[in-house]
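Each chain, written out:
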Amino acid sequence: MLRVGYIGLGLMGKPIARNILKAGFPLAAHNRSQAAVDELAAEGAVRASSPAGVAAQADIVFTNLPDSPDVEKVVLGERGIIEAVHDGLIFIDNSTIKPAVARRIAAELAKKGVYALDAPVSGGDIGAKNATLTVMVGGEASALQRAMPVLQAIGKTITHVGGPGAGQVAKAANQIMVAAQMVAMG
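Residues numbered from 1 in each chain as written. Predicted model: local features only at pLDDT ≥ 70, side-chain atom pairs only at ≥ 80, totals over all residues. Heavy atoms only, no water.

Here we look at helix H8 (residues 166–185)
Just so we agree on the cut-off: Put simply, DSSP marks the helices as runs of H or I at least four residues long and the strands as runs of E at least two long, and each gets a number from the N terminus on. Expected span of a helix, by definition, is 1.5 Å for each gap between consecutive residues, and there is one gap fewer than residues. In this description, contact between two residues means that some pair of their heavy atoms is separated by no more than 4.5 Å.
Its 20 residues place the ends of H8 29 Å apart at the C-alpha level, agreeing with the 28 Å of an ideal helix rising 1.5 Å per residue. Check the buried side of H8 and you find it contacts strand E5 (90–93), helix H5 (99–110), strand E6 (115–118), strand E7 (121–122), strand E8 (133–138) and strand E9 (155–162).

Printed below as a string of C-alpha cells:
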C-alpha cells in the first residue's frame, strides 16, 4: 500500500486528502494552520511538523498551495520536501501554478532521483468533496502509472497531457475556455 503525504489543507486540499484517507491509503498531513491537520488526524491521518516530515514518511507527496512561490518554498526551501527525498518518492502538485515553475521544480527534484508530476485539478470544491475532479497531469508517464491508484481516489478523469509543465498549460487553457464561456453568457 502506497503511503501518501498531503501538504496544503485548504478549500480543495482538505477534501482531496480526506478522499485519499477514505480510500485506505496511510496519510501524513501538514498545513500552516493546525485545525485542518487536527481534523484529519481525528480521522486517522498522521501529523507532520514540516514538508520534509511529510516526505520522510511517504511514497507520494502531494501539495495544494495558493501560488508558485508557495510551492517553491514548500518543495525546495528550508525543511522542504527536497530535504527528505528518498528512493521511489513521487511529488505531485495539485496547485495551479506557472508552467515554468513546475518545470523548474521537476528539474531540481530529478537531480535527487525524484519524479515530479504537475497535476492541477478542475471541478471546484464540490468535485474535491465528491472525488470527481478532472486531473491534468504533466510529467513522466511511469510515475503517473505508479501514482494512478491514489489519483483515482480523488478524480474521475485523469489525463496525461505531456512532460513537466504540461499539466499547468492544460489547466491554463481550461481556465481560458471557462472564462470565455462566462463572458459569452454575460
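Quick notes on the pairing of E5
Rule in force here: Summary of the burial criterion: residues with accessible area below 20% of their type's maximum are buried, those above 50% are exposed, and those between are partly exposed, where the area comes from a 1.4 Å probe applied to protein chains only. For two strands to be treated as a pair, DSSP must find at least two bridges joining them. A right-handed crossover is one whose linking path, passing over the helix from the first strand to the second, runs clockwise when the strands point away from the viewer.
The side-chain alternation of E5 yields two buried faces, one formed by Ile90 and Ile92 and the other by Phe91 and Asp93. Sheet topology note: the strand E4 (residues 60–63)/E5 ladder contains 4 bridges and is parallel. Bridge pairing in E5 links Val61 to Phe91. In terms of handedness, the path from E4 via helix H4 (residues 68–76) over to E5 forms a crossover that is right-handed. Two strands pair when backbone bridges link them, and E5 and E6 are joined in this way by 4 bridges, in the parallel orientation. Paired with Asp93 across the two strands is Asp118, which belongs to E6. The handedness of the E5 to E6 crossover, carried by H5, is right-handed.

Focus on the packing of aromatic side chains
The cut-off we apply is this: Note on ring pairs: Phe, Tyr and Trp rings are taken, using the six-membered ring of Trp, and paired if centres are within 6.5 Å. Classes follow the plane angle, with under 30 degrees stacked, over 60 edge-to-face and the rest tilted.
Scanning the entire structure with this criterion turns up 1 aromatic pair. With a centroid separation of 5.4 Å and 15 degrees between ring planes, the pair formed by Tyr6 and Phe62 is classed as stacked. With a gap of 56 residues between them, Tyr6 in strand E1 (residues 4–7) and Phe62 in strand E4 connect regions that are remote in the sequence. What makes Tyr6 buried here is its relative accessible area of 0%.

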